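Given next are the chains, with one letter for each unit.
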Amino acid sequence: MTRIVWVLHGPNLNLLGSREPDTYGSTTLAQIDTDLATVGSHSGVEVVSFQSNHEGALIDRVHAAAAAGVGYIIINPAGFTHTSVALRDALLAVDIPFIEVHLSNTHARERFRHRSYFSDVARGVIVGLGAAGYRYALDHAIAALAQSRTGS
Ligand code: DQA
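About the thresholds
- Residues numbered from 1 in each chain as written.
- Predicted model: local features only at pLDDT ≥ 70, side-chain atom pairs only at ≥ 80, totals over all residues.
- Heavy atoms only, no water.
- Axes fitted to C-alpha atoms, helices over the stretch in contact; angles between N-to-C directions.
- Helix = DSSP H or I, 4+ residues; strand = E, 2+ residues; numbered from the N terminus.
- Parallel < 35°, antiparallel > 145°, perpendicular 65-115°, else oblique.
- Left-handed = near helix turned anticlockwise from the far one by under 90°.
- Contact = heavy atoms within 4.5 Å.
- Nonpolar A, V, L, I, M, F, W, Y, C, P; charged D, E, K, R; others polar.
- Near = heavy atom within 4 Å.
- Polar contact = N/O pair within 3.5 Å; in protein donor to acceptor, adjacent residues only side chain to side chain.
- Areas by Shrake-Rupley, 256 points an atom, 1.4 Å probe, with all protein chains shown as cover.

K.L.:
Would you explain the packing of helix α2 (residues 29–42) against helix α5 (residues 132–150) in this entry?
P.N.:
For any two helices packed against each other, one specifies the crossing angle of their axes together with the interaxial distance. α5 packs onto α2 with a crossing angle of 25° between their chain directions and a minimal axis gap of 10 Å. With respect to each other, α2 and α5 are oriented roughly parallel. The handedness of the crossing between α2 and α5 is right-handed. Of the residues in α5, those in contact with Ile32, Asp35, Leu36, Val39 and Gly40 of α2 are Tyr134, Arg135, Leu138, Asp139 and Ile142. Among the residues forming the contact of α2 with α5, the class breakdown is six nonpolar, one polar and three charged.

So, in structure tokens, the structure goes:
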């Protein structure tokens, strides 16, 4: 595994900060991404973030991850969590371990948010912990990448 982590954000997450702050908090996506890149750099891990409102663009990005030598993916598929077989299939196709993150506790919300097309094939799932959830996911990815390097 290489020491590259890609963070993928799905639709409407570009509006974080102003979008339903009672549900998603007041941290902007730029703040989340800057924080993750900083944390990664302290551990010698390159963290690259990407957001799109388009399913195909996210799928193309997942395909590109394989060629780019990405060792771990952190993904918040947002609304596509509950709809996208195609994005799930892309993650399975590249066979890169990933963590699914949601800012809100999707299980405490509408019924249609309880089903995820990603959770059963994710290495782990973090829901309901707000922006900190991304940090926890990155902590795990960094540890997993370090472990794979030492072969322990
Ligand atoms: C979300 C939860 C989804 O149900 C919703 O469609 C989102 C954001 C979250 O981070 O809590 O856009 O993924």
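More follows now that the structure is in view.
K.L.:
What am I meant to see in the site of the ligand here?
P.N.:
Within the structure, the ligand sits among Arg19, Tyr24, Asn76, Ala78, Gly79, His82, His102, Leu103, Ser104, Thr106 and Arg113. Contact distances for the ligand include 2.8 Å between an oxygen atom and a side-chain N or O atom of Asn76. Expressed as a share of its isolated accessible area of 320 Å², the protein-covered part of the ligand is 97%. In terms of residue class, the shell around the ligand is built from three nonpolar, six polar and two charged.

As far as function goes, none of this settles anything; it's purely spatial.
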